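Given next are the chains, with one letter for each unit.
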Amino acid sequence: MSAPTVSKSSPAPARAPHQLPVRRGSLARAVQRNLSAHGFLIGAVLCFSFFSWYPMVREFFLAFQKNKDGRTTWAGWSNLSYVFNDPAFWQAWRNTLLFTGLALVLGFAVPFLVAVLLNEFRHGQGYLRMLVYLPVMLPPVASVLLFKYFYDPGYGLFNRILGIFGIPDQQWLQSTSTAMISVVIAATWMNMGGATLIYLAALQGIPGELYEAAELDGAGLWRKIWHVTIPQTSLILSLMFLMQIIATMQVFTEPFLLTNGAGPEGSTMTVVYLIYQYAFNFNNYGGAAALGLVLLVLLAGFSAVYVRLSRTQED
Amino acid sequence: MATDTMRPRTLISPAQLGRRRGKVVYWCVFALVMVLFTLVFLGPMYWMVSGGLKTTQEFVKAPPTLVPTSVHPGNYGDAWRVMDLAKLLGNTLYYAFGALAFQLVLDVAAAYSLSKLRPLFGNVILGMMLATLMIPATVLVVPQYLTVLDVPVFERNLLNSPWVIWLPSVTNAFNIFLLKRFFDSIPQELLDAASIDGASALRTLRSVVLPISRPILGVVSIFAVVGVWKDFLWPMLTLPDPGKQTLNVGIYSLASGVPENWLIAALTIASLPTLILFLLFQRNIMSGLTAGGLKG
């Protein structure tokens, strides 16, 4: 789910094999060097070939193939049109976009605000950082099942807490209107630690003089955040924004474990869950691959922007 | 934590904080955040540990009790036996450390070759590896699954074998990228000196490169182990045999068949290893997260 910052170009090697001065026997030495260098690479390259590059190519083939009675034939665009004509397709996209939108509001804004707040503290920062990152280390099945118990309308903790404030009991995961937001709350709790720590590191890189200058100009707290903090962290904010979109549009585990995937009346069925259903419940690999291709094309756009932005960060 | 004078300037000016009103507001906000964060992030863990000590009747009682009325540590033992957690834990450790070993050997060798030995077409191979990061992982799950059912050339079905976790874990382009970037920063003169002394490429890797690279190796190792520990979809698909399952998948598939208090005790046990790892290596994990680029 993560994409790294990609370095533009590596510095030219001091002694690249093909740049050796031409001498007697230098060809043999170059060949030997290359052989040994490729020897170091071969294990990883084989793993990539079998488990990454080949499946990538296969994804494209699968999307345009049909498998009937053990015979594989070309299907043209029929897998794609089948997928587009499935009413679940549009529902899954609506749900996924809703999840992404809610996860951006919660999962993007909350870690940033928490980081800004923690950065001001002169005490206990180490403890608070550790707290925020703790859930990231839990196995997802543990955090998800915990939330399932908290959400229980009968003996769950959340309805008790709402009760203290006089808010009536909610159905949480069991109602079509609250199921998705419940999944988003759980997912934010589970995953916000990483983003918070990255923002904290970025905040610590802001030169203090900028705040002093803003104060001399009479800026208050909000104007300082708006005119110094956000512009100074804008690159990391936009990178994290894109990464959030890429990650949340692939959401699967949280709804799968919390609401058995589809949820009440399909209200938490996401695109990746639909891919899973096509492939492993209906044995429709062609449909799964076609749907995957749609997701891939969409996310590739975001990934491309991400790589462009992260290059500017490297410079 | 650094003292006031050592700290770099942040949003709120030290002068403002130094005033009486500033101090009062600071301590009020600080106390509120401390209590709130402890409740939000440690509260669920407390609830998990104490829930495992309750009886089933008490666990599903409304309203829930804050402190167990009677303590039943035996639940942990029952969960351990009934759900065969020793087996699941053993499996997960086996997969996680196997994946770690494969990644340390193959990814380190690959990054070293790409960074320092620089074979022909090295940049093309690196580009192709990094390109895999552009492909959403979930899209590849279906073709990857079909591939491990019948691996081409070898014509082997890897289902239910540890290889199905270990080998795909090597295709971690992010780790290769982190390692290569670190190796790039090692001065070439150091390697040249070793090579003048007659050291082979392997010897140079072992005696010069690896000892300097401890910090990055630590980060990569933690990511590798935690990655396997937290993975859910892939092991669920490729290790269907109950005797071969990981903790995550095993507990999930047994969840509906055991009493709630046993389940919650099992969750506590499953959470312990990564939590201990985190408390031990907190510093490395947190610095690796931010220094090693972006990973969230």
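Once a new chain begins, its residue numbering starts again from 1 and follows that chain's sequence as written. Each chain takes a letter, starting from A, and each ligand takes a number, starting from 1, following the order in which they are written. Residues qualify for local features only when their pLDDT is at least 70, as the model is predicted, and side-chain atom pairs are given and counted only at 80 or more; totals for whole chains, interfaces and linings, by contrast, use all residues.

- As recorded in an unreviewed UniProt entry, chain A goes by Sugar ABC transporter permease and comes from Streptomyces sp. NBC_00119.
- UniProt positions are given in the numbering used here, feature names are shortened, and annotations may be inferred rather than shown by experiment. The record held by UniProt for chain A lists under Subcellular location (unreviewed entry) the comment "Cell membrane".
- Under the Sequence similarities (unreviewed entry) heading, UniProt states for chain A: "Belongs to the binding-protein-dependent transport system permease family."

## Description of the overall build of chain B
Okay, so step 1: In this description a helix means any DSSP run of H or I spanning at least four residues, a strand means any run of E spanning at least two, and both kinds are numbered starting from the N terminus. Within chain B one finds 16 helices and zero strands.
Okay, so step 2: In terms of its C-alpha atoms, chain B occupies a principal-axis envelope of roughly 70 × 65 × 35 Å.
Okay, so step 3: Buried means a residue has 20 or more other C-beta atoms within 10 Å of its own C-beta, exposed means 12 or fewer, and partly exposed covers the counts in between; C-beta atoms are placed from the backbone. Out of the 296 residues belonging to chain B, those deemed buried represent 42%.

## So, the overall build of chain A
Okay, so step 1: Counting its secondary structure elements, chain A contains 13 helices and two strands.
Okay, so step 2: Relative to the compact-globule value of 20 Å for 315 residues, chain A shows a C-alpha radius of gyration of 25 Å, a clear excess of over 25%.
Okay, so step 3: In terms of overall dimensions, chain A has a C-alpha envelope of 85 × 70 × 30 Å along the principal axes.
Okay, so step 4: Burial analysis of chain A (315 residues in total) assigns 43% to the buried set.
Okay, so step 5: Placing a C-beta atom from the backbone of each residue, one calls two residues in contact when those atoms lie within 7 Å. Of the contacts made within chain A by residues no fewer than 6 positions apart, 67% connect residues no fewer than 24 positions apart. Computation of the radius of gyration draws on C-alpha atoms alone. For the globule rule, the value is 2.2 Å times the number of residues to the power 0.38.

## A look at the UniProt feature "domain: ABC transmembrane type-1" (unreviewed entry) in chain A
Okay, so step 1: Those residues carrying the UniProt feature "domain: ABC transmembrane type-1" (unreviewed entry) are residues 93-306 of chain A in this numbering.
Okay, so step 2: When the span residues 93-306 of chain A is considered, its composition is 74% helix and 0% strand, and the gap between its end C-alpha atoms is 22 Å.

## Thoughts on the interface of chain A and chain B
It is common to give the size of an interface as the accessible area that goes away when the parts come together.
Okay, so step 1: Contacts between the two partners involve 98 residues from chain A and, on the opposite side, 89 residues from chain B.
Okay, so step 2: The biggest single contributor to the side of chain A that touches chain B is helix α1 (residues 26-63) of chain A, with 22 residues.

## A word on the UniProt feature "transmembrane region" (unreviewed entry) in chain A
Residue and element names in this part refer to chain A.
Okay, so step 1: Per the UniProt record, the feature "transmembrane region" (unreviewed entry) sits at residues 35-54, 97-118, 130-151, 179-202, 233-252 and 285-307.
Okay, so step 2: As annotated, residues 97-118 comprises 100% helix and 0% strand, and the C-alpha atoms at either end are separated by 31 Å.
Okay, so step 3: In the segment residues 130-151, helix accounts for 73% and strand for 0%; the C-alpha atoms at its two ends are 25 Å apart.

## Section: helix α5 (residues 85-117) of chain B
Okay, so step 1: What a helix is expected to span follows from its residue count: subtract one and scale by 1.5 Å. The end-to-end C-alpha distance of α5 of chain B, which contains 33 residues, comes to 45 Å, matching closely the 48 Å that a straight helix rising 1.5 Å per residue would cover.
Okay, so step 2: Immediately beyond the C-terminal end of α5 of chain B, within one or two residues, lies R118 of chain B, with a positive phi of roughly 45 degrees.

## Looking at the domain arrangement of chain B
All names here are of chain B.
Okay, so step 1: Domain ranges listed in this record stem from an automatic or a database domain assignment. Parsing chain B into structural domains produces domain 1 (14-74) and domain 2 (79-291).
Okay, so step 2: The C-alpha centroid of domain 2 is placed 35 Å from the C-alpha centroid of domain 1.
Okay, so step 3: The partner domain 2 presents seven residues to the nine residues of domain 1 that form the contact.
Okay, so step 4: The set of elements that each furnish at least two residues to the side of domain 1 that touches domain 2 consists of α2 (20-51) and α3 (56-59).
Okay, so step 5: Broken down by element, the residue count for the side of domain 1 that touches domain 2 peaks at three residues, all from α2.
Okay, so step 6: Three residue categories are used. Nonpolar comprises Ala, Val, Leu, Ile, Met, Phe, Trp, Tyr, Cys and Pro, charged comprises Asp, Glu, Lys and Arg, and polar comprises the others, including Gly. When its residues are assigned to classes, the side of domain 1 that touches domain 2 shows four nonpolar, four polar and one charged.

## As for the confidence of the model for chain A
All names here are of chain A.
Okay, so step 1: How sure the predictor is of each residue is captured by pLDDT, a score from 0 to 100. When the pLDDT values of chain A are averaged, the result is 83; 91% of them are 70 or greater.
Okay, so step 2: Mean pLDDT across the secondary structure elements of chain A bottoms out at strand β2 (residues 71-74), with 77, and peaks at helix α12 (residues 271-281), with 91.
Okay, so step 3: Predicted confidence for residues 1-22 stays below pLDDT 50, and this span has 44 contacts to residues more than four positions away or in other chains.

## A look at the packing of helix α4 (residues 74-82) of chain B against helix α15 (residues 260-280) of chain B
All names here are of chain B.
Okay, so step 1: Axes here refer to lines fitted to C-alpha atoms; in helices the fit is confined to the stretch in contact. Angles between the N-to-C directions go from 0 to 180 degrees. The N-to-C vectors of α4 and α15 enclose an angle of 85 degrees; their axes lie 8 Å apart at closest approach. Relative to α15, the element α4 is oriented roughly perpendicular. For the pair α4 and α15, contact is made by N75, Y76, D78, A79, W80 and V82 and by N261, W262, A265, A266 and I269, respectively.
Okay, so step 2: Within the contact of α4 with α15, the residues separate by chemical class into eight nonpolar, two polar and one charged. When describing relative orientation, an angle under 35 degrees is termed roughly parallel and one over 145 degrees roughly antiparallel, while 65 to 115 degrees is termed roughly perpendicular and anything else oblique.

## What to know about the environment of S169 of chain B
All names here are of chain B.
Okay, so step 1: With respect to the secondary-structure elements, S169 resides in helix α8 (residues 163-170).
Okay, so step 2: For the pair S169 and L89, spaced 80 residues apart in sequence, the C-alpha separation works out to 19 Å.
Okay, so step 3: Contact partners of S169, with chain neighbours within four places excluded, come to A99, F102, Q103, A224 and V228.

## Some remarks on the confidence of the model for chain B
All names here are of chain B.
Okay, so step 1: Model confidence for chain B is summarised by a mean pLDDT of 86, while 95% of its residues fall at 70 or above.
Okay, so step 2: Counting contacts from residues 1-5, a segment whose pLDDT is below 50, to residues more than four positions away or on other chains yields seven contacts.
Okay, so step 3: For this predicted complex, the interface confidence reaches an ipTM of 0.84, while the overall pTM sits at 0.84.

## Regarding the nonpolar core
Okay, so step 1: Among buried residues, those of type Ala, Val, Leu, Ile, Met, Phe, Trp, Tyr and Cys that are joined through C-beta atoms within 7 Å form a set called a nonpolar core. Core analysis: the largest hydrophobic core is formed by 159 residues, its most contacted members being I275 of chain A together with A266 and L267 of chain B.
Okay, so step 2: The biggest single contributor to this core is helix α7 (residues 179-204) of chain A, with 17 residues.
Okay, so step 3: If near-sequence neighbours (up to four positions away) are discounted, I275 of chain A is found in contact with A288, L291 and G292 of chain A together with T138 and V142 of chain B.

## Overview of helix α10 (residues 234-248) of chain A
Okay, so step 1: In this model α10 of chain A runs 21 Å from its N-terminal to its C-terminal C-alpha over 15 residues, within 8% of the 21 Å that 1.5 Å per residue would give.
Okay, so step 2: The set of residues buried in α10 of chain A consists of I236, L239, M240, L242, M243, Q244, I245, I246, A247 and T248 of chain A.

## Side note on the environment of T268 of chain B
Residues and elements named next belong to chain B.
Okay, so step 1: With respect to the helices and strands, the residue T268 is situated in helix α15.
Okay, so step 2: Expressed as a C-alpha distance, the spacing of T268 and Y46, which sit 222 residues apart in the sequence, is 9.8 Å.
Okay, so step 3: Look past the residues within four positions of T268 in its chain and what remains in contact with it is M48, V49 and G52.

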